[in-house]
Every structure is written in C-alpha cells, then in structure tokens.
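Here is how the chains run, residue by residue.
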Amino acid sequence: DAGVTQSPTHLIKTRGQQVTLRCSPISGHKSVSWYQQVLGQGPQFIFQYYEKEERGRGNFPDRFSARQFPNYSSELNVNALLLGDSALYLCASSWAQGGTQYFGPGTRLLVL
Amino acid sequence: GQQLNQSPQSMFIQEGEDVSMNCTSSSIFNTWLWYKQDPGEGPVLLIALYKAGELTSNGRLTAQFGITRKDSFLNISASIPSDVGIYFCAGQLRGRDDKIIFGKGTRLHILP
C-alpha cells in the first residue's frame, strides 16, 4: 500500500508570494496533520484536520491555512511568504483522531 | 508552552556499542513516541508508549515511558551502520488535538 504522498517535493518561491502544498493520506485514513520542520529542529505542529474539520491549530500566523477535501486529501496554503517560512513541510495521516500518525516525505520550501 | 528537552544533541559511537538517549518534558503526556529521520525523508515511528512505566522493545530498540509521565528514554543495543540518523522523542496528548510535540533530536554518528 502507498504511504502518505506529498507534492511537490521541492519548491522555490520569493518573498511575498503564496504557496500551496498537497498531501494524500494513506488509503482509509481520515485525519491529516501538518508540521513545519526548520533546519536543525524537530517538526512543529501547524494543523490537524479530521473528517474535513479543523481539530487543532498550532502557534502559527493567519498566513497559514489549510483544508481537507471529501477524499481526505489536504492542502496547506501559506500567504505572503517570509524568508523564515523556508522549511520542510510534513504531512502525517492517521485512520482517526487519536490514531498513530504516519509521516510523508515532506515538501522542501525555499523562500528567497 | 510545552517543551521537550532531548539529550544528547549528538553522539559519536563505535559500531557495536550500545546507545542511550532521553527526553524530559515540562508537562505530562499520555503518549510518548520515538521517531527516526533519515536525510530527505519524513520521520518514521520506531516505538510508541501509552502507559506510565511501560517498557517496550522493537528489535534492538527499547524505550520506556517514565512513571512521572514527563520523561522517556530510548536504548539501541549493538549499533550497526544503518542506525545512523536523527532520533526524535515526541509527546502527545491523545484525546485533545492529537498534536505531537517533538524534541530537537539526537544525531547519531557511527564510527567505522
């Protein structure tokens, strides 16, 4: 079975631009969470979605938003990009709220 | 906010040696997790602990959930070259928003 997939794998943007990252959960998983991992640090929680509803939000500005679609895939949007948004963005899926989270390979975003 | 202190930050060991790393928290969790991350990949779950005092093994890996619920350790016995990577401890409060709080990681190097 395919694991969590994310696209694109790499992305380069300039300051002020907007970016959309995509995540497809493991088949049958209904919960998706997003994390940001800057170089040298552990991942930091951004959002959790379960059954298309936001169930958790981390300490990130309103420039960050996300949504989950009826097929349980998800998008993370970041507006007005800053240099500090450069990071590896990880998506994790679980079969339900409270389930074990499995991570995808991430999207590496570089903001110039 | 919740913080995890993971130590050591890095380790240089000889192949065949045992490894020990630990994690402490300023607050309690009801789940402790240990992940390994290889370059260009997302974190992979190694061991999950759900009960204070629980001791769990996965092959050469052994981890324990501290009885105070504020700490955990991971031991790796008889290290091999493929153990190289970054190990993250993580805490979770299942039943709330399921967010995972990660430590900063322990980078393991194995000398030939």
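Residues numbered from 1 in each chain as written. Chains lettered and ligands numbered in written order. Predicted model: local features only at pLDDT ≥ 70, side-chain atom pairs only at ≥ 80, totals over all residues. Heavy atoms only, no water.

Trainee: Describe the sheet that holds strand S1 (residues 4-7) of chain B, and please don't skip the residues or the numbers.
Mentor: All names here are of chain B. Strands sit in the order S1-S3-S8-S7-S6 across an open sheet of 5 strands; the sheet is antiparallel. Only two strands of the sheet have a single neighbouring strand rather than two, namely S1 and strand S6 (55-58). Each adjacent strand pair in this sheet contributes to an overall mean axis angle of 15°, direction not counted. Bridge count between strand S7 (residues 61-65) and strand S8 (residues 71-76): 5 bridges; the pairing is antiparallel. Residue pairing across strands places Gln64 opposite Phe73, the latter belonging to S8. (Pairing = 2+ DSSP bridges. Helix = DSSP H or I, 4+ residues; strand = E, 2+ residues; numbered from the N terminus. Axes fitted to C-alpha atoms, helices over the stretch in contact; angles between N-to-C directions.)

Trainee: Give a detailed account of the side chain of Gln37 of chain B, specifying residues and quantitative values.
Mentor: Topologically, Gln37 of chain B is positioned in strand S4 (residues 31-37). Accessibility expressed as a relative area gives 7% for Gln37 of chain B, which makes it buried. Among the polar contacts listed, one links the side chain of Gln37 of chain B to the side chain of Gln37 of chain A, at a separation of 2.8 Å. Once residues within four sequence positions are removed from consideration, Gln37 of chain B is found in contact with Gln37 and Leu88 of chain A together with Gly42, Pro43, Gly85, Ile86 and Phe88 of chain B. (Buried < 20%, exposed > 50% of the residue type's maximum accessible area, 1.4 Å probe, protein only. Polar contact = N/O pair within 3.5 Å; in protein donor to acceptor, adjacent residues only side chain to side chain. Contact = heavy atoms within 4.5 Å.)

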